[in-house]
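# Report on the structure
Here is what each chain is made of, one letter per residue.
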Amino acid sequence: MITVNHRLRSLALTAGTLATAAGLGAAAVVNYRGFQRRIAESSVILNETLPVHSLWWRARAKDKGELIYAVIGDSAAQGIGASSPHRGYVGILTDHIRLSTGRSVRVVNLSVSGATVAMAVRDQLPTFAKLTPDIVTVAIGANDIALWDAAVFEAGIRQVCAALPPHALVADLPCFHLPRNERMVAVANRIIRQVAAEYQLRVVPLHATTKRLGLRSVATHVAGDLFHPNNRGYRAWAEAFVPALSAHLVRGIRPADLAGPNAPNAPAGLPSAVPAGLPSPTPEPASTPVANTSESGGVSGPS
């Protein structure tokens, strides 16, 4: 009788365990489906911001400015994932240039959402060739990882670098945090560093900067589509650019008080007032649409 009772209890425990496991499994499936649904909804919201951001940057290209800042890139340069276009890394760096030099800046943002390196060569370089920019930043190549071809990537990077002035700043690819993607990113970044060195261009350590944030940045620095940076993520991108950008501003750009027609020649290496850290974003025009974008998400990378 004791044996039968033990068996009955054992069967009851087993049945309870299986029922609990089934319940947890069902809950996991429901949670995963909800997770996928939230990502899909966030992606739809961000897709709706593409024309908004593009229009905003086209309007900025018509602004007058003493300095010209030209940008080559993809959706990250458009600021997709940020709460508004100006809170992307390009907007933050523009504020930094203004504060550092005391001069107005016209931003010619040639970036296109979804651009690969080959698309940047085809669509962005022809317009870039008509400019004489004082500042140039390039962050392109993350979209090449989806259909990775090292030979195509290198050929495109060579064409981009060949078109750049010596003071251009070229970022390597950000950290994707996923091992499979990171293996391809490592190859891409070796190509970028090698080609940039051949053209004597400075490489911005975007990968190292974003990797230092760690896996926890998936929850703090990425938008709800688990791909684009959010406001915090773009500040990290801007921080990667600032040391090289500040050095260029010190060497090559006169501050406002030395830029007038009657100003004396600035001595070589004259420092401009480069502020410590990054400036807070300036208020945007009231007419600027604001995207409804979350401040949390997952793995980062532009599209």
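From a predicted model like this one, the values you see are computed outputs, not experimental measurements.

### A word on the overall build of the protein chain
- For the protein chain, the helix and strand inventory stands at 10 helices and 5 strands.
- Looking at the 303 residues of the protein chain, the share that counts as buried comes to 47%.
- Long-range contacts, defined here as pairs at least 24 residues apart, represent 83% of the contacts in the protein chain between residues at least 6 apart.
- As presented, the protein chain carries roughly 15000 Å² of accessible surface, and 60% of it is formed by carbon and sulfur atoms.

### Quick notes on the confidence of the model for the protein chain
- Summing up the model confidence of the protein chain, the mean pLDDT is 80 and the portion of residues at 70 or higher is 69%.
- Throughout residues 262-276 the model reports pLDDT below 50, and contacts reaching past four residues in sequence, or to other chains, amount to 24 contacts.

### Quick word on the sheet that holds strand 1 (residues 67-73)
- Strand order in the open sheet made by the 5 strands is 2-1-3-4-5, with parallel pairing throughout. What marks the edges here is a single partner per strand, and that holds for strand 2 (105-109) and strand 5 (202-204). Strand-to-strand, the axes of this sheet are offset by a mean angle of 20 degrees, without reference to chain direction.
- In this structure, strand 3 (residues 135-139) lies alongside strand 4 (residues 169-171), joined through 2 bridges in parallel fashion. Bridging from a neighbouring strand, V138 pairs with V170 of strand 4.
- Against the sheet, helix 10 (residues 231-252) engages strand 3, strand 4 and strand 5, with an angle of about 150 degrees to strand 3.

### A few points about the nonpolar core
- Within the largest apolar cluster, 34 residues are counted, with the highest numbers of intra-cluster contacts made by V138 and L164.
- Contributions of two or more residues to this core are made by strand 1, helix 4 (117-123), helix 5 (125-128), strand 3, helix 6 (150-162) and helix 7 (179-198).
- Ranked by the residues each element gives to this core, the list is headed by helix 7, at 7 residues.
- Excluding anything up to four places from it in sequence, V138 contacts I72, V160, L164, L169, V170, A171 and F241.
- Core analysis: the second largest hydrophobic core is formed by 31 residues, V90, I135, A244 and I253 among them.

### Focus: the pattern of salt bridges
- Scanning the entire structure with this criterion turns up 7 salt bridges.
- Between E66 and R103 there is a salt bridge, with the nearest N and O atoms lying 3.8 Å from each other. Taken together, the positions of E66 in the loop between helix 1 (2-60) and strand 1 and R103 in the loop between helix 3 (89-101) and strand 2 put the pair 37 residues apart, joining distant regions of the chain.
- Using a relative accessible area of 45% as the deciding quantity, one classes E66 as partly exposed.
- With a closest N to O distance of 3.7 Å, R193 and D172 form a salt bridge. Of this pair, R193 sits in helix 7 while D172 is found in the loop between strand 4 and helix 7, placing the two residues 21 residues apart along the sequence.
- One connected set of salt bridges, linked through shared partners, spans E154, R158 and E198.

### Remarks on the pairing of strand 3
- Along strand 3, 5 of the 5 residues are buried, which leaves the element largely enclosed by surrounding structure.
- Neither face of strand 3 is exposed, since I135, T137 and A139 on one face and V136 and V138 on the opposite face are all buried.

Calculation notes
As a convention, each chain's residues are numbered from 1 in the sequence order in which they are written. The predicted origin of the model limits local features to residues at a pLDDT of at least 70 and limits the giving and counting of side-chain atom pairs to 80 or more, whereas totals for whole chains, interfaces and linings rest on all residues. Excluding hydrogens and water, the side-chain values take into account all heavy atoms of the structure. Under the scheme used here, helices are H or I runs from DSSP no shorter than 4 residues and strands are E runs no shorter than 2 residues, and both carry numbers assigned from the N terminus. Buried, partly exposed and exposed residues are distinguished by accessible area as a fraction of the type maximum, computed with a 1.4 Å probe on protein chains only: under 20%, between the cut-offs, and over 50%, respectively. Note on contacts: a residue pair is in contact if any heavy atoms of the two residues lie within 4.5 Å. Here, Shrake-Rupley sampling with a 1.4 Å probe gives the accessible areas, and only protein chains in the shown set may cover a residue. Per residue, pLDDT captures the predictor's confidence, and it can take any value from 0 to 100. Only strands that DSSP links by at least two bridges are regarded as paired with each other. To get an axis, a line is fitted to the C-alpha atoms, and for a helix only the part in contact is used. The angle between two axes follows their N-to-C directions and goes from 0 to 180 degrees. What we call a nonpolar core is a set of buried Ala, Val, Leu, Ile, Met, Phe, Trp, Tyr and Cys residues that are connected through their side-chain atoms within 4.5 Å. Whenever a carboxyl oxygen of Asp or Glu lies within 4 Å of a side-chain nitrogen of Lys or Arg, that contact is scored as a salt bridge.

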